[in-house]
Protein chains: 2
Amino acid sequence: MKSGKKYVYFFAANKSDGKAEMKNLLGGKGANLAEMCNIGIPVPPGFTITTEVCTEFYENNRNYPAGLEEEVAATIKKVEEEMGMTFGDPNNPLLLSVRSGARASMPGMMDTVLNLGLNDVIVEGLAKLSGKPRFAWDSYRRFVQMYGDVVLDLKPVNKEDEDPFEVIIEEKKKAKGVELDTDLTTEDLKELVSEFKQAIKRETGRDFPEDPMEQLWGAVGAVFGSWMNDRAKRYRALNNIPSNWGTAVNVQTMVYGNMGDDCATGVAFTRDPATGNRKFYGEYLVNAQGEDVVAGIRTPQPVNSSTQSDDSQVTLEDLMPEPYADLVAIYQKLEEHYKDMQDIEFTIQQGRLWMLQTRNGKRTAEAAVRIAVEMEEEGLIDKKTAVLRVSPEALDQLLHPMFDPKADKITLAKGLPASPGAATGRIVFHADEAEEWAAKGEDVILVRIETSPEDIGGMHVAKGILTSRGGMTSHAAVVARGMGTCCVAGCSAININYKAKTMSVGGSTFNEGDWISLDGSAGTVLEGKVPTIDPELSGNFSTLMEWADEFRTINVRTNADTPHDSDVARNFGAEGIGLCRTEHMFFEGDRIKAVREMILSDDEAGRRKALEKLLPYQRDDFYGIFKAMHDLPVTVRTLDPPLHEFLPHEAENQQEMADEMGITLEEVKSKVAALHEFNPMLGHRGCRLGVTYPEITEMQARAIMEAACQLTKEGVKVFPEIMIPLIGTKAELSDQKAVVRATCEKVQEEMGAKVDYMIGTMIEIPRAALTADKVAEEAEFFSFGTNDLTQMAFGYSRDDAGTFLPEYVQKEILPDDPFQTLDQEGVGQLIEIGVQRGRQTKPDLKVGICGEHGGDPRSVEFCHRVGMNYVSCSPFRVPIARLAAAQAAVRES
Amino acid sequence: MKSGKKYVYFFAANKSDGKAEMKNLLGGKGANLAEMCNIGIPVPPGFTITTEVCTEFYENNRNYPAGLEEEVAATIKKVEEEMGMTFGDPNNPLLLSVRSGARASMPGMMDTVLNLGLNDVIVEGLAKLSGKPRFAWDSYRRFVQMYGDVVLDLKPVNKEDEDPFEVIIEEKKKAKGVELDTDLTTEDLKELVSEFKQAIKRETGRDFPEDPMEQLWGAVGAVFGSWMNDRAKRYRALNNIPSNWGTAVNVQTMVYGNMGDDCATGVAFTRDPATGNRKFYGEYLVNAQGEDVVAGIRTPQPVNSSTQSDDSQVTLEDLMPEPYADLVAIYQKLEEHYKDMQDIEFTIQQGRLWMLQTRNGKRTAEAAVRIAVEMEEEGLIDKKTAVLRVSPEALDQLLHPMFDPKADKITLAKGLPASPGAATGRIVFHADEAEEWAAKGEDVILVRIETSPEDIGGMHVAKGILTSRGGMTSHAAVVARGMGTCCVAGCSAININYKAKTMSVGGSTFNEGDWISLDGSAGTVLEGKVPTIDPELSGNFSTLMEWADEFRTINVRTNADTPHDSDVARNFGAEGIGLCRTEHMFFEGDRIKAVREMILSDDEAGRRKALEKLLPYQRDDFYGIFKAMHDLPVTVRTLDPPLHEFLPHEAENQQEMADEMGITLEEVKSKVAALHEFNPMLGHRGCRLGVTYPEITEMQARAIMEAACQLTKEGVKVFPEIMIPLIGTKAELSDQKAVVRATCEKVQEEMGAKVDYMIGTMIEIPRAALTADKVAEEAEFFSFGTNDLTQMAFGYSRDDAGTFLPEYVQKEILPDDPFQTLDQEGVGQLIEIGVQRGRQTKPDLKVGICGEHGGDPRSVEFCHRVGMNYVSCSPFRVPIARLAAAQAAVRES
């Protein structure tokens, strides 16, 4: 039964069923092909089978919806009419490509079949029609090889094995005494086709299908099937793409860049994807198919002089001026139309230009910022759009250290600056090993001749990627830029031996495990470890951040425990401190002795004596931080960790402590044992310590207030916000607030100063969120501690979850690691309940977040949506949070 | 400014402002005095100052509300008119008592002042009026002593010190060469009064007030003040009485049981409070004040022959037949009126009976059951009321083991059977020590000459209480019965030496730490440890439980892991198993070896091999349990604890394991280290194990289903409910359900049997409760695991919370230990959300609870209220849950 749904969308210049807005239905590629046709761009005609078919295919046990077959057949007719060629007709054969195309780009993850529609009879027709028998048979050879691999599944049994088709080709070349594929004759190619088919039959038991329509359905099925292959699933897991989006299948008339020397194929960007520079930027190969460019097998040539890096290169502009002029006109039209930098694929068949694809181009963070700012200045987009154009997460690349220009550097080799940044790590030669080493905490540089989609896991964990082959649009380069990972590509000076696990360059040989550094912005490979410096943030970056601040409605604070961190964060635009952890200060120098003395005391008097010693240290700490953050609020959290964290657990250190404190080892051991907890995360910590030992809270309140009073008297404006952690009940807060309040009032009286201060609480215990209406009766502000809230809402110990969380993400039991991206579905409910009930009691209650999530863009958007006053994150993530907050506000408006 | 509120309520026979329903305002004592007056009972007239005054007193920094003084003065006038006497008039003095009276009984916790209104002048008037100067001066002496202690605060400095007033009396007796107080002459008493006043002035700097009105306000203030004394606060914490209830103050005309031999005072119960037997039961003292009975200083006499335990005792019935007859008429009237067993206090002044108090009498569980059932049979109450009359918690006394009647017992002594039950423990002589020993896990018997309110903490932790002095209504007896703690009182054969910490009886001497046993039902003290047996449940108990089951609307299941526990629970009325923990079965005998083999396996194949060995054991376990629970549902939880719990952690046991398994100690150690977790409660456990190792879930599902199929084929009806623990997301349940479903279907096919089974989940992670609508899409039932839910909602590790939870309860930061009584405010919200959202998805979703709370009466009421289908608790708590569920249903109706 046909459902009435339209499953197949035809496209041809000015005759498309679809359009750009149909990306969810047609996939990114399909929607753009239709859209290009709509604006009159020359696109080989074809059709798109929708993503809905993919979804239904998997929902119905891999069966196609009823009516699909008829719809495909009818649409092929339209393509035939458009091209004046007939699918399966030896006299005038229409040949097709079959490609995947999901809503989100998944480069190289899914399967493709080209030259479909050839068989032993039609190949002869093609030879006759084109007048190029070798081209015809090479196309047929490629088709059988591709189809055999992708559809009939003749693949290497083990990963290390060579491709069975390549083995046959190598044997053929040996037998014929030639070196290059291009030296093989038409007769050789005919033999290869026949040997390929025999190998397929022998190894898989399946006949190669001679019927073009059978070929088509085989290929369509393979593409849908590839949506669920392991590497696609893994890519989706890494990139947060839901499985149920599905992929579309694009079936399109073949055009040939490899029909002779008046043919070419290439890819280009409308602006430089590495720097954002406004110049047309691309690469091409003469007499080649598109796959040859992307695969990085032959090193391509620049399309024009502005892309050219050395004079020996022949540009397309020089070689084929007419099609190049068409290409320029088209790229300008496309950028004007899409109002964004485009990544385009083109083929020139016998002098005629065909556009195969356009899409928004991936770019580095630097390029994204520059393109956004410049397009606004060009009047192409407005400020809001510009702010939305840069992924906050990508800013991370710009905020990280660069190599110190003054450092001594030994340059080993120069390649292409494929993805900017600075990386230092130990050499590994296989993606699997990169993963293994990284799991052990090693920084690694993945060194490969070229990369392929199988390497994706290793690329993800590597600090940098180095390839000896391939251009700026090779797999390594594209993927690395997407990941924000530093990459030097096509560094041909380097000789890689996978077996020996060595890399030689100049006269030197480097082994697995040796240290090298990569400068992805300069394209250089450097010897050893090179020191780094903090980046300068100015120019376009500053402009973009200014715009972001215009739209942003929530504040961004930082988590900082020292005056230095406070300064860094202020420079990055922090508007206060959202979390100052006081316990870090307990470990430094002599303080730890006083802390231990306090812990060992049997009574309050002894504890007070020890705390007396700690007081001046803490006061000095707060003095420094408050001063650095003058005029801005500083939230100070009272002591949080369990006391045993301050005692040594190794026998040696215990002896040392015993000696220092003049007590026996037994006494130390017995205190450690007494403080041992089965689940310290859920133990005697946070405000529970303050309730048991109010004198600790009192000392901390005194230190805060003495520092604040001192600065006030010096004319510095300070706004301390004293925050009680781990509250589960209103009564706990009442108890601690009374201690803090009494101390603060007393200190102010003693010092004759008046300080504007608040007393509030963290909401990090599920029960506190659920009873926030009551807690708010005592609290002057809330700060959501989403780390602990996530631990308790999920029942996950962050320290232990490593044993199962990665598997959970991989198995799609969780969409993300909830410690990195806030779980809006579950933990988010507790936050929404907390905010809403807190404000029910106190409509003006100041609410913020101070977990790690405060610097995660999706989490920031959530915080904006639930009406928080601020987010707080680590200093280096402050700009990311500012941009994310701006985007949230723009999207909402 | 007077608020218009009425603060003072007058009472006198047939002339009261108050009534029984005003308990919250007038306190229990005040409301009942008013009510007794209303039904014409002879009560000495007086008035009640309301509990609101107490609350306002504390809210307003210990100031009385405006207008109170005038209201009190006006009401004193009414009392004077009623009695024909005048407060402060030496010629015809009205004397008053001042007593506390809270909403809930708090025996002995607060202060009392008697004989108020005497001074150096008035005492002479009283002497003249009564014709008994010694009585007058003795009353005055008592008044000064009591007032000095309670109001003027002349108390022993250290707990061990003697009472300063008693020291003066002892010196006086020595000086006069007499032994007993009663041997002191009127002149001696005059000297004592003078010496008391001097001591007060010397020690406290305060003059004893001669003005009766000043005396009155001093006493009223002291009673209100005593609401916040330490022992009252502690009592409230232990008994869940909120501070803001406040106490009322009852000011009442003094009547005297100590005016001569035609006077008496006594307390009585309308039925036997120990057994429930329908007989009038009481004790009295001739020529004494009421306090003398309760304090246990003189051993009182029985009121009638049915209370008499030996012929030497003189009954009130024989001694004063007329007032006794009045007393009988009154007690019958009171029981008829209140429709419950009454605890009454009376005084006979010169042959005239006055009732001082009536209240519902405390009783043992045995008595409560019998009285409830018999009153229903007598037509006094209906079944619903009968069901409400017994505290479910009290049933615990009846469900616990008793001494084996066949065991050899050496009876050391016989005392009064003050509170039934069997207790075995080590002797301690001080309440503080009882607390210290109990904290270390010791079972203790608290042995005291007599107990006082200061001992309350030690009494609470003791397994049993033994006193050498005092009657059935002594402090020890009343408190022990309230607590359900076994008590033998007034065992005068025992000689206690506090200093030497010894107790001698017959020729033997027992030291602190020696073991004894108490039979609280027989009143005997037994040597050493005596073995116990399970109780028989029949007669009244069965009747009451039948009635409970008539009203109850939710089911009661049990938590049981063995066929034996299943049998016990079935006998107690369990309607299925709500939680069968499979991991307990992993530890027995050879199984642990197979479990360890599984844990040590490096791959799935190895694990499967080891699981193969476990399968028959698990199948046999389930076979036994399913058979014992035939016709009833059995919920089996799949493996829950982290794997390291199955490995040895002591070096010695690790070596043993290494030897047994033929591996090195290092291998064992390294596996233990690999499985170590910082917070195992939040680690790799529950369904997280099943997701990582689906073969474990598979083996368990197979064992369950093979056992179920086998029994089905044998004609036994089984209803397995397979429960996946620790679900936080729907996806986890989907994953595990798929494994269980596939296995169960396969086993049924293999064995050719059809079993009615369900797959559901525990809701014990806050996130699961919050996303219950989604989880319910997969779950066929929910069972709330309130232990873990409480741990995570509060962020408390149950294993570690002992370091701060007791302090939290004591400081009133928490009303209860949330692991014993469900925290309805916080955790309860998660449960309500979980039930409501689960049923939103599946309206008929079966929902239960299987945490420890399933046997806690208040928690059961909550479960009833939120619409659960069942509660599940330990076998011995099944009847408690049945009764609690019935009460919840009755209260709701």
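A word on the relation of the copies chain B and chain A. Between chain B and chain A, the superposition needs a rotation of 180 degrees and an axial shift of 0.1 Å, giving an RMSD of 0.1 Å. Put plainly, the chains are arranged around a two-fold axis. It is Asn-679 of chain B whose C-alpha, among those of chain B, lies nearest the rotation axis, at 2.2 Å. When the interface residues of chain B are mapped onto chain A, 100% of them again lie at the interface, so the same face is used by both copies.

Another aspect to go through is helix H8 (residues 212-226) of chain A. Residue and element names in this part refer to chain A. Between its terminal C-alpha atoms H8 stretches 21 Å, which fits the 21 Å expected from 15 residues at 1.5 Å a residue. For H8, the tally of buried residues reaches 11 of 15 residues, placing the bulk of the element in the interior. Every buried residue belonging to H8 is among Pro-212, Gln-215, Leu-216, Trp-217, Ala-219, Val-220, Ala-222, Val-223, Phe-224, Gly-225 and Ser-226, and all of these are buried.

Let us look at the packing of aromatic side chains. The tally for this structure, following the rule as stated, stands at 38 aromatic pairs over all chains. Plain terms: the ring middles of Phe-622 of chain B and Phe-626 of chain B are 6.0 Å apart, the flat faces sit at 20 degrees to each other, and that makes the pair stacked. Residue Phe-622 of chain B and its partner Phe-626 of chain B are both found in helix H22 (residues 604-628); the two are separated by 4 residues, about one turn of the helix. On the accessibility criterion, Phe-622 of chain B (0% relative accessible area) is buried. Members of the aromatic cluster, each reached through a chain of ring pairs, are Phe-57, Tyr-58, Tyr-64, Trp-217 and Phe-224 of chain A. Note that Lys-6 of chain A overlies the ring of Tyr-9 of chain A, its terminal NZ or CZ placed 5.0 Å from the centroid. Over the aromatic face of Trp-227 of chain B sits the side chain of Arg-236 of chain B, whose NZ or CZ is 4.0 Å from the ring centroid.

All right, on to the sheet that holds strand S20 (residues 508-511) of chain A then. Residues and elements named next belong to chain A. Strand order in this open sheet of 3 strands is S18-S19-S20, and the pairing throughout is antiparallel. Edge strands, defined here as strands with exactly one partner in the open sheet, are strand S18 (495-497) and S20. Sheet twist, expressed as the average angle between the axes of neighbouring strands with direction ignored, equals 20 degrees. The sheet contact formed by strand S19 (residues 502-505) and S20 spans 4 bridges and is antiparallel. Each bridged residue has a counterpart across the sheet, and for Thr-502 the counterpart in S20 is Asn-511.

This part covers the interface of chain B and chain A. In this complex, chain B contributes 45 residues to the contact, which on the side of chain A involves 45 residues. Together, the buried faces of chain B and chain A total about 4,100 Å²; carbon and sulfur atoms form 54% of this surface. Contact with chain A buries area across many residues of chain B, yet Asn-679, Leu-682 and Arg-767 of chain B alone supply 16% of it, more than any other trio. The partner of Lys-774 of chain B in a salt bridge is Glu-825 of chain A, and the shortest N-O contact between them spans 3.5 Å.

Take unusual backbone geometry next. Residues and elements named next belong to chain A. In this model, Asn-14 sits at a positive phi of 60 degrees, which is unusual for a non-glycine residue. Within the fold, Asn-14 resides in the loop between strand S1 (8-11) and helix H1 (23-38). Given a relative accessible area of 58%, Asn-14 falls into the exposed group. With a phi close to 60 degrees, Glu-812 is a non-glycine residue in the positive phi region. With respect to the helices and strands, the residue Glu-812 is situated in the loop between helix H31 (805-810) and helix H32 (827-841). You can call Glu-812 partly exposed: its relative accessible area is 38%.

Attention now goes to the sheet that holds strand S9 (residues 342-349) of chain B. Residue and element names in this part refer to chain B. The antiparallel open sheet is built from 5 strands, whose spatial order is S8-S7-S6-S9-S10. Strands with a single pairing partner mark the edges of an open sheet, and in this sheet they are strand S8 (301-302) and strand S10 (352-360). Of the strand pairs in this sheet, strand S7 (residues 281-286) and S8 are connected by 2 bridges, and their pairing is antiparallel. Following the sheet pairing, Glu-283 is matched in S8 by Pro-302. Running at roughly 25 degrees to S10, helix H12 (residues 321-338) makes contact with S9 and S10 of the sheet.

Criteria and cut-off values
Residues numbered from 1 in each chain as written. Chains lettered and ligands numbered in written order. Predicted model: local features only at pLDDT ≥ 70, side-chain atom pairs only at ≥ 80, totals over all residues. Heavy atoms only, no water. Least-squares fit on C-alpha atoms with pLDDT ≥ 70 in both. Contact = heavy atoms within 4.5 Å. Helix = DSSP H or I, 4+ residues; strand = E, 2+ residues; numbered from the N terminus. Expected span 1.5 Å × (residues − 1). Buried < 20%, exposed > 50% of the residue type's maximum accessible area, 1.4 Å probe, protein only. Phe/Tyr/Trp six-rings, centres within 6.5 Å; stacked < 30°, edge-to-face > 60°. Lys NZ or Arg CZ within 6 Å of the ring centre and 35° of its normal. Pairing = 2+ DSSP bridges. Axes fitted to C-alpha atoms, helices over the stretch in contact; angles between N-to-C directions. Buried area = accessible area lost by both parts, 1.4 Å probe. Salt bridge = Lys/Arg side-chain N within 4 Å of Asp/Glu carboxyl O.

Any functional reading would require information beyond the geometric quantities listed.
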